[in-house]
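Analysis of the macromolecular model
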Amino acid sequence: GEKVEQHQSTLSVREGDSAVINCTYTDTASSYFPWYKQEAGKSLHFVIDIRSNVDRKQSQRLTVLLDKKAKRFSLHITATQPEDSAIYFCAARRTSSGQKLVFGQGTILKVYL
Amino acid sequence: GALVYQYPRRTICKSGTSMRMECQAVGFQATSVAWYRQSPQKTFELIALSTVNSAIKYEQNFTQEKFPISHPNLSFSSMTVLNAYLEDRGLYLCGARDWGGDQDTQYFGPGTRLLVL
C-alpha cells in the first residue's frame, strides 16, 4: 500500500537556527500534504499544508516545499524557538472523496538553548 | 470556525470491557469521518473511514466486530472499542473532512486517550 516515510527520527537544532524535516511518499496520486505537530501527551495540531498545484508555500517562519517528481516534501522552520520542540508528522492524501491520510512515523524536533 | 470535539478526553477501562467514544463536528458538515489510533511510541494508524453515502471501510487489522462505528449524520460519529485489552491502549483521534467546492480541509479532534488496566 501507499507509504509516507520520515527518515529522521530525531532532529536537534540550536535556538535561532533553521530546521528541515523531510518526507517521501509512494502514491503518485497524492495531492494533499499536511504537516501536524504533536506536543508531549497532546493531540495533533495542524501546522501547514501544501497541495500539488504548487511547489512552495510559506506561512511566517514555516515553508513547505514539494517535489512531485521525486515524491518528496519538506518542512522548513526558520529562527527556531524552544516552543517549536515537538514531534512533527507529515501526511499525504489523494484529493478525491473517500481517501485516507497516510502518516509518516514522526520526527522529534528538539530546539536547545 | 470549524471544530471537532471528542468525548471523553481520557478514559480508563478494565481489560475485557468496552468503551465508547464520540466525535462531533461543529461549524461544518463532515463529508467523511476517519478514526485513527496512535499506539504508544508509534504513528497514527487509520482504523476506519466513514464517507457520506458509502459503507464504512475498515483498514487491515481493524474490524467492525472489534471497533463498531456509528455515523448517523454529517456532524456526529461514535466508535466503540469492544473487549479492550492492553494492545488497544493509545490515543484515538477523530478526523472530520470538510470537502466540497473550493474547500478540502481535515480537522482533528483533541483525541480520546484510552488506558486499559
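Refer to the preceding data block for the structure.
All figures in this text were calculated on a predicted structure; none of them were measured in a lab.

Take a nonpolar patch on the surface next. Residues and elements named next belong to chain B. A cluster of nonpolar side chains, namely Leu3, Tyr5 and Val26, defines an oily patch on the protein surface of about 260 Å² accessible area. Counting through the fold element by element, Tyr5 comes out in strand β1 (residues 3-7). With a relative accessible area of 45%, Tyr5 lands in the partly exposed category.

Moving residue by residue along a regular strand, the side chains alternate between the two faces of the sheet. All names here are of chain B. Only one face of strand β3 (residues 19-26) is buried: it carries Met19, Met21, Cys23 and Ala25, and the other face, with Arg20, Glu22, Gln24 and Val26, is open. The pairing of β1 with β3 spans 5 bridges and is antiparallel. Within the sheet, the bridge partner assigned to Tyr5 lies in β3 and is Gln24. Note that β3 and strand β8 (residues 76-81) share 6 bridges and pair antiparallel. By the bridge assignment for β8, Glu22 is matched with Ser78.

Residues and elements named next belong to chain A. Within the largest apolar cluster, 25 residues are counted, with the highest numbers of intra-cluster contacts made by Trp35, Phe73, Leu75, Tyr88 and Leu109. Broken down by secondary-structure element, the contributors of at least two residues to this core are β2 (10-14), β3 (19-25), β4 (32-38), β5 (44-51), β7 (62-67), β8 (72-77), β9 (86-92) and β11 (107-112). The residues contacting Leu109, other than those within four sequence positions of it, are Leu11, Val13, Ala19, Ile77, Asp84, Ser85, Ala86 and Tyr88.

Below, the discussion takes up the interface of chain B and chain A. Counting from both sides, the interface comprises 21 residues of chain B and, opposite them, 21 residues of chain A. Between chain B and chain A lies a buried interface of about 1,700 Å² when both sides are counted; carbon and sulfur atoms form 50% of it. Counting across the interface, chain B meets chain A through 1 salt bridge. Close ionic contact of Glu59 of chain B with Lys100 of chain A constitutes a salt bridge, the shortest N to O distance being 2.4 Å. At the boundary of chain B with chain A, the tally comes to 7 residue pairs in polar contact (both at pLDDT 80 or more). At the level of secondary structure, the elements contributing two or more residues to the side of chain B that touches chain A comprise β4 (32-38), β5 (44-51), β9 (90-100) and β10 (103-108) of chain B.

Across all of its chains, the model carries 12 salt bridges over all chains by this definition. Asp49 of chain A is the salt-bridge partner of Arg51 of chain A, the closest N and O atoms lying 3.7 Å from each other. Taking the relative accessible area as the measure of exposure, Arg51 of chain A reaches 28% and is therefore partly exposed. Taking relative accessible area as the criterion, Asp49 of chain A reaches 8% and is therefore assigned buried. In this structure, Asp88 of chain B and Lys66 of chain B form a salt bridge, with 2.7 Å as the shortest nitrogen-oxygen distance.

A few words on the sheet that holds strand β1 (residues 4-5) of chain A. Across the sheet, 5 strands lie side by side as β1-β3-β8-β7-β6 (chain A); this open sheet has antiparallel pairing. The sheet is open, and its two edges are formed by β1 and β6 (56-59) of chain A, each paired on a single side.

Now for the environment of Phe44 of chain B. Considering the arrangement of structural elements, one finds Phe44 of chain B in strand β5. Here Phe44 of chain B falls in the buried class, since its relative accessible area comes to 4%. In this structure the C-alpha to C-alpha distance between Phe44 of chain B and Leu91 of chain B, which are 47 residues apart in sequence, comes to 8.9 Å. The contact partners of Phe44 of chain B, leaving out residues within four places of it in the chain, are Gln38, Leu44, Phe89 and Phe103 of chain A together with Tyr36, Arg37, Gln38 and Leu93 of chain B.

Now for unusual backbone geometry. Residue and element names in this part refer to chain B. That bond from Tyr7 to Pro8 is cis: its omega, -5 degrees, falls within 30 degrees of zero. Here Pro8 shows up in the loop between β1 and β2 (10-13). At Asn61, a residue that is not glycine, the phi angle is positive and equals roughly 80 degrees. Among the structural elements, Asn61 can be located in the loop between β6 (57-58) and β7 (69-73). In this structure, Asn83 is a non-glycine residue whose phi angle is positive, near 50 degrees. Secondary-structure assignment places Asn83 in the loop between β8 and β9.

Criteria and thresholds
- Residues numbered from 1 in each chain as written.
- Chains lettered and ligands numbered in written order.
- Predicted model: local features only at pLDDT ≥ 70, side-chain atom pairs only at ≥ 80, totals over all residues.
- Heavy atoms only, no water.
- Patch = residues over 30% accessible without salt bridge, like charges linked within 9 Å, V, L, I, M, F, W, Y side chains within 5 Å.
- Areas by Shrake-Rupley, 256 points an atom, 1.4 Å probe, with all protein chains shown as cover.
- Salt bridge = Lys/Arg side-chain N within 4 Å of Asp/Glu carboxyl O.
- Helix = DSSP H or I, 4+ residues; strand = E, 2+ residues; numbered from the N terminus.
- Buried < 20%, exposed > 50% of the residue type's maximum accessible area, 1.4 Å probe, protein only.
- Pairing = 2+ DSSP bridges.
- Core = buried A, V, L, I, M, F, W, Y, C linked by side-chain atoms within 4.5 Å.
- Contact = heavy atoms within 4.5 Å.
- Buried area = accessible area lost by both parts, 1.4 Å probe.
- Polar contact = N/O pair within 3.5 Å; in protein donor to acceptor, adjacent residues only side chain to side chain.

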